[in-house]
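Residues per chain, in single letters:
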2 protein chains.
Amino acid sequence: MKNRLKAPRPAEVKIADDFWSPYISRVRDIMIPYQWKILNDQVEHAAPSHCIENFRIAAGESEGEYYGAVFQDTDLAKWLEAVAYSLALRPDEELERLADSAIDLIGRAQQEDGYLDTYYTIKEPGMRWTNLREGHELYTAGHLIEAAVAYYQATGKQKFLRIMCRTADLIDEVFGKEEGKIDGFPGHPEIELALIRLYHVTDEPRYLKLAKYFVDARCGSPNCFDREAKSPGFHHIFPEFEHLGYNNAQAHLPVRKQKTADGHAVRAVYLYAAMADLGCECDDPSLLEACRTLYDNITNRQMFLTGSIGAAADGECFTCDYDLPNNYNYSETCASIGLAMFSLRMLQIERDGKYADTVERALYNTVLSGMALSGKEFFYVNPQEAVPEHLRTNRTLRHVLPKRRPWLGVACCPPNIARTLMSLGQYIYGADEETVYIQMFISNEVQFTFGRKRVTIAMETAYPYGDTVVIRVKNPDNARFKLAIRKPGWSKDISITQNGREQKTRLEKGFCFVEEQILDQSVIQIGLDMKPMLVQAHPRVRQNVGKAAIVRGPLVYCLEETDNGDNLGAIVISGNAELNLEYLPDLFDGVMTITANARRIREDVWEDRLYQQCTEDETISCRIRAIPYCLWNNRGTGEMLIWIHRR
Amino acid sequence: MKNRLKAPRPAEVKIADDFWSPYISRVRDIMIPYQWKILNDQVEHAAPSHCIENFRIAAGESEGEYYGAVFQDTDLAKWLEAVAYSLALRPDEELERLADSAIDLIGRAQQEDGYLDTYYTIKEPGMRWTNLREGHELYTAGHLIEAAVAYYQATGKQKFLRIMCRTADLIDEVFGKEEGKIDGFPGHPEIELALIRLYHVTDEPRYLKLAKYFVDARCGSPNCFDREAKSPGFHHIFPEFEHLGYNNAQAHLPVRKQKTADGHAVRAVYLYAAMADLGCECDDPSLLEACRTLYDNITNRQMFLTGSIGAAADGECFTCDYDLPNNYNYSETCASIGLAMFSLRMLQIERDGKYADTVERALYNTVLSGMALSGKEFFYVNPQEAVPEHLRTNRTLRHVLPKRRPWLGVACCPPNIARTLMSLGQYIYGADEETVYIQMFISNEVQFTFGRKRVTIAMETAYPYGDTVVIRVKNPDNARFKLAIRKPGWSKDISITQNGREQKTRLEKGFCFVEEQILDQSVIQIGLDMKPMLVQAHPRVRQNVGKAAIVRGPLVYCLEETDNGDNLGAIVISGNAELNLEYLPDLFDGVMTITANARRIREDVWEDRLYQQCTEDETISCRIRAIPYCLWNNRGTGEMLIWIHRR
């Protein structure tokens, strides 16, 4: 890979972290088995899945109708990808047997020519590739390819990889500019980044070329969506989305001409992730320039404080600059996962810490918010504030759930969280031939090789609750390498010592490059400025004018009704309020809460009416307690608020 | 009518008012002819109506399919009702001929047995009365009855009235608790209040009884909606609304048990209006008690500052207490018309000025906002704030139009505005045997009779821009009567003089009863406190915490982009800002604007990013200009804001 930081494989990073390990265990011990039951329709009171049964029917081993979303197969794909990372981290024979059996089933559901998609196999045989805009076949193939790559890397077993290479080969035969091929691209990007991953493990240049083809073909002239819609037999799979423009699928402009993030947020960031990969891989500055522009548009104009994206429910899409509604936003969990994927790639390519800030913003807040601490309940939509009675009675907010659900009818998010958490290791480090970049602060151990000299790095930290990171280096062969330590955008200062001595560092694009040689047995200590603070939003974000949010390090905090009473909107905080850290060991198995003095607008002095002449609001003092946003909605249903009125 | 203030008929009140007369002329001279063209599909670029054509087809005089909403007939009904009031105010032979021809057509479209509804006649013959929940036949009949009553009162012609009596008689034969009748009620109330009006002109007690039956039958056990849905051949007319509960049609509880305004807002207030009529007419305190409770719930918990109701778009409905979103509210024009109708009835029954405050709030703000000054463009939804780019890109707001439209696919509102403005006279006065209640301040002349003595009252005022009302009384026969003058809720003081002498008055439920005898040639002068003020909303209205709105008298003011630049959300006003009146004679043919010093949060000091640590907002001073909300959106498309940030 050209001039790009290389991440260790997830399994090479042994995470043992107070904050993240419980999440990872939860996925491994609870969610993966739970999801297997879901996929097999063995969980009562959860939305039906039928996913495994679809594969059985497609394999001719069961009778029945197809059931589920057109991309239902991807639930199994993402489950297998999460299982692969899990097996790589910790072998589990029984789980591997289960996965192997699922892979065998996938193989049996594959058609003679390599085609693999149970929806079209069962429900619309003969109609394959006729509805690229809605059919999701390439999206499904992409997730299966990602899973196959991960499973091969985890177990060394080639079967799944071979299955998916056959599918990829078929796609390569079917799609392209050449005579007799379909000149088109998928409505939902995913195949592109998957093919690049497949290329990396197979070294088959056709896969890279095919990925590039799909990206370049996007919004051809004529647009393939126009062509297929006029074909005989064409029908809509999602008639309810017919009103959405081609921009919803990022097919309104050639990708290099797209200057603002537009359309379906998940599709957008999956596409941009592939564009970043290809820009680097194919040495295409125009693609990288587009990526930088789109990234800046997202993070400077269209991103919620929690690292979520997608202001609109209908279309699940970006809208326009500064349209960031707090209570009717969409902010799909998957979109934040995609934003982390895109930002990680940009981080590796551009070596700029700002991308890591966004990775953290997405992972620590929205991605984690997507899952309950039980590991068995999930959000699709992640609001910035919620009033359960409004959600219940005002159907404009009907996409916002007052409580996580045991499963979701369209279940893209839960398994996406699983595979993301199980592959968290890839986010922590980047390395080239001479430098290790510390991108995230998570207790772990990892090895790097410089020349042939092995270096072990052990990171230990209570981050994001603690502000100190200790890195112990084993460098027995005295490898010459450098450390670049991220200075997060929110941290005003950073102190770095080696063996107690303050280190001279050179700050470049958010990374502190330690100038001294890193010796064997060195102890590097990093001190971050994690003073909690109140942040405000740009004055064009009209919903947040006159408000403040509590943040500390990468964590966005929120108020919950259970701690602060109801009508959270009546709480007013001073812009320079003192914020106090208060660790509660018994809440959520230990959480750093933030308390502050605030005031609450009195209701009791109001007559029973809606409007009156302005007076100074009468307020009473109150003590508020904020918890990390990622932990909200774990104590029953109640109000939640991020953006507090400020005075 | 029992113990209820009697309103003069609209035509008895000769309005010649600087504020209202242009609106009335606009309806008469522009809108009524325009709507006639619309009904005949003669306006290009407007949503098709097909209304007259439906009647032609039903009459067997034309061929073709039914087109339009299931209640398309009501567009003609409301047009005829407006025409009736117009003819009563000022004869117009040509218009009357046109109306007569339409009435003749209606007569020819009526079935042998009196049935009249072109949708069922053309599109679903044989299915009449099988879908009371959605079919709108009784709603349509109600509007036709209202029109027939008005036309009879205006012209003395009985033809239309006879047509509609035949329909009412048929309904009376078909519906009821008796064996062989359908025991049911309509999904959309309207027939109830129409039948009461019909009873008042015909003195036929069956009509009153039938109205009472429909109100009492609501939410019977079993619910007629359940029964009909199980009938063979039943199908939904609005499958898209299947998810709405019976509460959407106020059929979730017997009417006397309904304590909070619930469901479709227009249906609700039309029902409550009939309940008020019946409560008085049938001397039923339980109905009046329900009305008072529902009215208080609306005005103290669920009403926008502009007198609009219906917080939710889906279901066009009430939601819950204090859910009053500014930008995704529904606030249908028709619902405010209905609120004025309900409030007028309560005013007449309860003789409490608070109901007149609500009448004015609705009429001066939302009802007028529903129509452009051109008389040819209309809003259905009336937002409290609007950012055109958000409306364009975020489909959560798609029900909110950035600009009024030449016509609307569902066109209930425009003709409803027309009939309301043309019958404005009924709102101004109430009278019993000894007292004239001055309910609204509009320049006009009217006559009352006490015993056999005639009293002429001429009111002259520049209200709502001026704060003085002059009433000249001609009482040549020295009739003994009293004047009760409304002291609006927003007016801190009121001064009342007779021939220059301050009058002793007794204030009772919002009315000042002048104690002195009102003599011939008396000049009563009323002085109101119309200092503009900033109002705030109850602290449970979370969208308005920390905000203020400018009001003056009955008028709510708003900021428009054209006067104040864009990003109106960044404007901050002091809670005790001095508000200055500035009359602009050339704007909208003369309008009282309100200006004030305010501050605007600076954007130029922000880096190009979304979030930063809180600092005191840097602001620059600015001068803001507010215009009456009813006039917004008459100068092109732009931002609009009622609730301004306050500091």
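Values in this document were obtained by computation on a predicted structure and should not be read as measured data.

Rules and cut-offs
Residues numbered from 1 in each chain as written. Chains lettered and ligands numbered in written order. Predicted model: local features only at pLDDT ≥ 70, side-chain atom pairs only at ≥ 80, totals over all residues. Heavy atoms only, no water. Helix = DSSP H or I, 4+ residues; strand = E, 2+ residues; numbered from the N terminus. Buried < 20%, exposed > 50% of the residue type's maximum accessible area, 1.4 Å probe, protein only. Areas by Shrake-Rupley, 256 points an atom, 1.4 Å probe, with all protein chains shown as cover. Lys, Arg positive; Asp, Glu negative; His and termini not counted. Charge placed at Lys NZ, Arg CZ, Asp CG, Glu CD. Contact = heavy atoms within 4.5 Å. Buried area = accessible area lost by both parts, 1.4 Å probe. Salt bridge = Lys/Arg side-chain N within 4 Å of Asp/Glu carboxyl O. Polar contact = N/O pair within 3.5 Å; in protein donor to acceptor, adjacent residues only side chain to side chain. Nonpolar A, V, L, I, M, F, W, Y, C, P; charged D, E, K, R; others polar. Pairing = 2+ DSSP bridges. Phe/Tyr/Trp six-rings, centres within 6.5 Å; stacked < 30°, edge-to-face > 60°. Lys NZ or Arg CZ within 6 Å of the ring centre and 35° of its normal. 1 Å grid on protein atoms, 1.4 Å probe; cavity = no way out; pocket = protein on both sides within 12 Å on 5 of 7 lines; lining within 4 Å. Points joined across faces, edges and corners; volume = space filled by probe spheres on them. UniProt positions renumbered as here; feature names shortened; annotations may be inferred. Expected span 1.5 Å × (residues − 1). Least-squares fit on C-alpha atoms with pLDDT ≥ 70 in both. Core = buried A, V, L, I, M, F, W, Y, C linked by side-chain atoms within 4.5 Å. pLDDT = per-residue confidence, 0-100. Axes fitted to C-alpha atoms, helices over the stretch in contact; angles between N-to-C directions. Parallel < 35°, antiparallel > 145°, perpendicular 65-115°, else oblique. Left-handed = near helix turned anticlockwise from the far one by under 90°.

1. Concerning the overall build of chain A
Reasoning step 1: Counting secondary structure elements, chain A contains 18 helices and 23 strands.
Reasoning step 2: A buried classification covers 64% of the 647 residues belonging to chain A.
Reasoning step 3: Element-wise, carbon and sulfur atoms account for 46% of the exposed surface of chain A, whose accessible area totals about 23000 Å².
Reasoning step 4: Across chain A, 75 positive and 90 negative side-chain charges occur, with their mean positions spaced 4 Å apart.

2. A closer look at the interface of chain A and chain B
Reasoning step 1: Every contact between the two is made by 73 residues of chain A and, on the other side, 73 residues of chain B.
Reasoning step 2: Where chain A abuts chain B, roughly 6100 Å² becomes buried across the two surfaces, and 50% of that area is made up of carbon and sulfur atoms.
Reasoning step 3: Of all residues in chain A, R542, L610 and Y611 of chain A bury the most surface against chain B, accounting for 15% of the area lost on that side.
Reasoning step 4: Summed over the shared surface of chain A and chain B, the result is 16 salt bridges.
Reasoning step 5: A salt bridge links R542 of chain B to E639 of chain A; its shortest N-O distance comes to 3.4 Å.
Reasoning step 6: Inspection of the chain A/chain B interface yields 42 residue pairs in polar contact (both at pLDDT 80 or more).
Reasoning step 7: Looking at the side of chain A that touches chain B, the elements with two or more residues in it are α12 (285–302), α15 (388–393), β14 (533–537), β20 (611–613), β22 (640–641) and β23 (644–646) of chain A.
Reasoning step 8: Counted by class, the side of chain A that touches chain B contains 32 nonpolar, 20 polar and 21 charged residues.
Reasoning step 9: Pairing of β14 of chain A with strand β20 (residues 611–613) of chain B, which is carried by three bridges, proceeds in the antiparallel orientation.

3. Some thoughts on the packing of aromatic side chains
Reasoning step 1: Overall, the coordinates contain 69 aromatic pairs over all chains when judged by the stated rule.
Reasoning step 2: Judged by centre distance (5.1 Å) and plane angle (90°), the rings of Y66 of chain A and Y119 of chain A are edge-to-face. Here Y119 of chain A lies in helix α5 (residues 118–123) and Y66 of chain A lies in the loop between α2 (51–58) and α3 (73–89), a separation of 53 residues in the sequence.
Reasoning step 3: We classify Y66 of chain A as buried; its relative accessible area is 8%.
Reasoning step 4: When the ring of F19 of chain B is compared with that of Y465 of chain B, the centres are 5.8 Å apart and the planes differ by 85°; the resulting orientation is edge-to-face. On the criterion of sequence distance, the pair formed by F19 of chain B in the loop between β1 (14–15) and α1 (20–39) and Y465 of chain B in the loop between β6 (453–461) and β7 (468–474) is long-range, its members being 446 residues apart.
Reasoning step 5: Owing to a relative accessible area of 12%, Y465 of chain B belongs among the buried residues under this scheme.
Reasoning step 6: Connected via pairs of aromatic rings, a cluster forms that spans F19, W20, Y23, Y364, F441, Y463, Y465, W490 and Y583 of chain A.
Reasoning step 7: Here the basic side chain of R506 of chain A rests over the ring of F513 of chain A, its NZ or CZ set 4.4 Å away from the ring centre.
Reasoning step 8: Sitting over the ring of Y23 of chain B, R26 of chain B keeps its end group 4.8 Å from the ring centre.

4. With respect to empty space enclosed by the protein
Reasoning step 1: Evaluation of the coordinates by the stated rule reveals eight cavities of 30 Å³ or more.
Reasoning step 2: Taken as a whole, the largest cavity holds about 360 Å³ of empty space.
Reasoning step 3: Together, 24 residues line the largest cavity, and R542, Q543 and K547 of chain A together with Q543 and K547 of chain B are the ones closest to its centre.
Reasoning step 4: Counted by class, the lining of the largest cavity contains eight nonpolar, 10 polar and six charged residues.

5. Digging into the UniProt feature "domain: Non-reducing end beta-L-arabinofuranosidase-like GH127 middle" (unreviewed entry) in chain A
Reasoning step 1: Under the local residue numbering, the UniProt record ascribes the feature "domain: Non-reducing end beta-L-arabinofuranosidase-like GH127 middle" (unreviewed entry) to residues 435–530 of chain A.
Reasoning step 2: In residues 435–530 of chain A, helix accounts for 0% and strand for 55%; the two terminal C-alpha atoms are 26 Å from one another.

6. Topic: the side chain of Q503 of chain B
All names here are of chain B.
Reasoning step 1: Its location among the elements puts Q503 in the loop between β10 (501–502) and β11 (505–508).
Reasoning step 2: Looking at Q503, its side chain comes within polar contact range of the side chain of E516, at 3.5 Å.
Reasoning step 3: Residues in contact with Q503, not counting those within four places in the same chain, are I496, T497, Q498, V514 and E516.

7. Remarks on helix α4 (residues 93–109) of chain B
Residue and element names in this part refer to chain B.
Reasoning step 1: Helix length check: α4 (17 residues) gives 24 Å between terminal C-alpha atoms against 24 Å at 1.5 Å per residue, within 8%.
Reasoning step 2: Within α4, the full set of buried residues consists of L95, E96, A99, A102, I103, L105, I106 and A109.
Reasoning step 3: Looking at the buried positions of α4, the neighbouring elements they touch are α1, α2 (51–58), α3 (73–89), α6 (137–155) and α7 (159–174).
Reasoning step 4: Residue D92 occupies the N-cap position of α4, its side-chain oxygen lying 3.2 Å from the main-chain nitrogen of E94.

8. What about the relation of the copies chain A and chain B?
Reasoning step 1: Rotating chain A by 180° and moving it 0.0 Å along the rotation axis overlays it on chain B with an RMSD of 0.0 Å. Here the two chains are linked by the operation of a two-fold rotation axis. Using C-alpha coordinates, one finds that chain A approaches the rotation axis most closely at T396 of chain A, a distance of 3.4 Å.

9. Quick notes on the side chain of R28 of chain A
Residues and elements named next belong to chain A.
Reasoning step 1: Of note, R28 is situated in helix α1 (residues 20–39).
Reasoning step 2: You can call R28 buried: its relative accessible area is 18%.
Reasoning step 3: A distance of 3.3 Å separates a polar atom in the side chain of R28 from a polar atom in the side chain of D29.
Reasoning step 4: In contact with R28, not counting residues within four places along its chain, are P33, S86, R90 and M422.

10. Concerning the nonpolar core
Looking at soluble globular proteins, one finds that nonpolar side chains tend to be buried together.
Reasoning step 1: Grouped together as the largest cluster of nonpolar side chains are 480 residues, with contacts concentrated most on W20 and L76 of chain A together with L76 of chain B.
Reasoning step 2: With sequence-adjacent residues up to four places away left out, L76 of chain A is seen in contact with W36, L39, C51, I52, F55, A102 and I106 of chain A.

11. Brief notes about the confidence of the model for chain A
Low-pLDDT stretches of the model should not have their predicted coordinates read in fine detail.
Reasoning step 1: Averaged over all residues, the pLDDT of chain A equals 96, while 100% of them reach at least 70.
Reasoning step 2: Scoring the predicted complex yields pTM 0.96 and, for the interface, ipTM 0.95.

12. Regarding the packing of α12 of chain A against helix α13 (residues 333–350) of chain A
Residue and element names in this part refer to chain A.
Reasoning step 1: One way to put it is that α12 packs onto α13 with a least axis distance of 11 Å and a crossing angle of 130°. Taken as axis vectors, α12 and α13 run oblique relative to one another. The chirality of how α12 crosses α13 is left-handed. Here L288, C291, R292, Y295 and I298 of α12 come into contact with α13, specifically with L339, F342, S343, M346, I349 and E350.

13. Concerning the packing of α1 of chain B against helix α16 (residues 413–422) of chain B
Residue and element names in this part refer to chain B.
Reasoning step 1: Running from amino to carboxyl end, α1 crosses α16 at an angle of 135°, the nearest separation of the two axes being 9 Å. Classified by the interaxial angle, the pair formed by α1 and α16 is oblique. In this structure, α1 crosses over α16, and the sense of that crossing is left-handed. Only P414, P415, A418, L421 and M422 of α16 make contact with α1, whose side of the interface consists of W20, Y23, I24, V27, R28, M31 and Q35.

14. Focus: the pairing of strand β4 (residues 435–438) of chain A
All names here are of chain A.
Reasoning step 1: What you see with β4 is no split at all: T435 and Y437 on one side and V436 and I438 on the other are buried throughout.
Reasoning step 2: Examined bridge by bridge, strand β3 (residues 429–431) and β4 share three bridges and lie antiparallel to one another. Across the sheet, the residue bridging to A431 is V436, located in β4.
Reasoning step 3: Examined bridge by bridge, β4 and strand β8 (residues 482–486) share four bridges and lie parallel to one another. Within the sheet, the bridge partner assigned to I438 lies in β8 and is I485.

15. Quick word on the pairing of β7 of chain B
Residues and elements named next belong to chain B.
Reasoning step 1: By the bridge criterion, six bridges tie β6 to β7 in an arrangement that is antiparallel. Residue pairing in the sheet places M459 in a bridge with I471 of β7.
Reasoning step 2: Counting the residues between successive antiparallel strands, the hairpin from β6 to β7 contains six residues.
Reasoning step 3: Relative to strand β13 (residues 523–528), β7 is paired through five bridges, and the arrangement is antiparallel. Each bridged residue has a counterpart across the sheet, and for T468 the counterpart in β13 is G527.

16. Quick look at the environment of G510 of chain A
Reasoning step 1: Here G510 of chain A is to be found in the loop between β11 (505–508) and β12 (511–514).
Reasoning step 2: Not counting residues up to four positions away in its chain, the partners in contact with G510 of chain A are G353, I485, R486 and K487 of chain A.

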